[in-house]
Amino acid sequence: METTLLKLDELESIARGDGVETTLLVGTERCGPVSFTSGLTRFPAAKKVPVHHHNCAEQVTLLEGEADVEIDGERTRLKPYDTTYIPAGKPHRFINVGETPMLILWIYDTDVVTRTFSETGETVAHLSAKDTTRPQ
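Basis of the calculations
- Residues numbered from 1 in each chain as written.
- Predicted model: local features only at pLDDT ≥ 70, side-chain atom pairs only at ≥ 80, totals over all residues.
- Heavy atoms only, no water.
- Pairing = 2+ DSSP bridges.
- Helix = DSSP H or I, 4+ residues; strand = E, 2+ residues; numbered from the N terminus.
- Buried < 20%, exposed > 50% of the residue type's maximum accessible area, 1.4 Å probe, protein only.
- Lys, Arg positive; Asp, Glu negative; His and termini not counted.
- Salt bridge = Lys/Arg side-chain N within 4 Å of Asp/Glu carboxyl O.
- Polar contact = N/O pair within 3.5 Å; in protein donor to acceptor, adjacent residues only side chain to side chain.
- Contact = heavy atoms within 4.5 Å.
- Axes fitted to C-alpha atoms, helices over the stretch in contact; angles between N-to-C directions.
- Disulfide = S-S within 2.5 Å.

### Describing the pairing of strand S5 (residues 58-64)
- Pairing of S5 with strand S8 (residues 83-86), which is carried by four bridges, proceeds in the antiparallel orientation. Bridging across to S8, Glu-58 finds its partner in Ile-86.
- Both S5 and strand S10 (residues 102-108) contribute to a ladder of six bridges, which runs antiparallel. If you follow Glu-58 over to S10, its bridge partner there is Tyr-108.

### Observations concerning unusual backbone geometry
- The phi dihedral of Ala-46 is positive, around 65°, even though this residue is not glycine.
- Here Ala-46 is to be found in the loop between strand S3 (37-43) and strand S4 (52-54).
- With a relative accessible area of 61%, Ala-46 lands in the exposed category.

### A short note on the side chain of Glu-58
- Here Glu-58 shows up in strand S5.
- Arg-115 is the oppositely charged side chain nearest to the buried, salt-bridge-free Glu-58, at an N-O distance of 6.0 Å.
- In this structure the side chain of Glu-58 is engaged in a polar contact, spanning 3.4 Å, whose partner is the side chain of His-54.
- At 2.8 Å, the side chain of Glu-58 forms a polar contact with the side chain of His-92.
- Residues in contact with Glu-58, not counting those within four places in the same chain, are Thr-84, Tyr-85, Ile-86, His-92, Trp-106, Ile-107 and Tyr-108.

### Focus on the pattern of salt bridges
- Summed over all chains, the structure comprises ten salt bridges.
- The partner of Arg-134 in a salt bridge is Asp-18, and the shortest N-O contact between them spans 2.3 Å. Of this pair, Arg-134 sits in the segment after strand S12 (123-125) while Asp-18 is found in the loop between strand S1 (14-17) and strand S2 (20-24), placing the two residues 116 residues apart along the sequence.
- Judged by relative accessible area, which is 56%, Arg-134 ranks as exposed.
- Its relative accessible area of 27% is what places Asp-18 among the partly exposed residues.
- A single salt-bridge network, built from bridges that share partners, covers Arg-16, Arg-115 and Asp-131.

### Things to note about the sheet that holds S10
- An order of S1-S2-S3-S10-S5-S8 is seen for the six strands of this open sheet, with the pairing classed as antiparallel. For this open sheet the edge positions go to S1 and S8, each flanked by a neighbour on one side alone. Across this sheet, the average inter-strand angle for adjacent strands is 25°, counted without regard to direction.

### Quick word on the state of the cysteines
- Within the structure shown, the criterion is met by zero disulfides.
- Here Cys-31 stays free of any disulfide, with the sulfur of Cys-56 as its closest cysteine sulfur at 17 Å.
- Using a relative accessible area of 16% as the deciding quantity, one classes Cys-31 as buried.
- Looking at Cys-56, the relative accessible area reads 4%, which means it is buried.

Shown next as structure tokens:
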């Protein structure tokens, strides 16, 4: 395995809908065989992702802005650098409750990530064309 240097201003972002954008940092697509996946997601003011769960555990750290995390229907206010650990299968979402953009750093404990939307029950590959803020 080789060392990889990733410069944020050289990485493409993926539009997820409603102005939400995600940048993959470490993943098999960029770094070859790895045992985790990480990236950044930026939310415009007052935007959120739908309630969902993953096939893996997830760590999320709020880097910028004001956010609520909703886990199993219970909302908790976060401030920058607050960190959540969410086990696989636990319904959750992040909500920008501020008037400025919100930025989160996320890390999954696997190289193959799926998202299952609570509203529809649909499971999609992470960062695929169907992994949006508006599930089909």
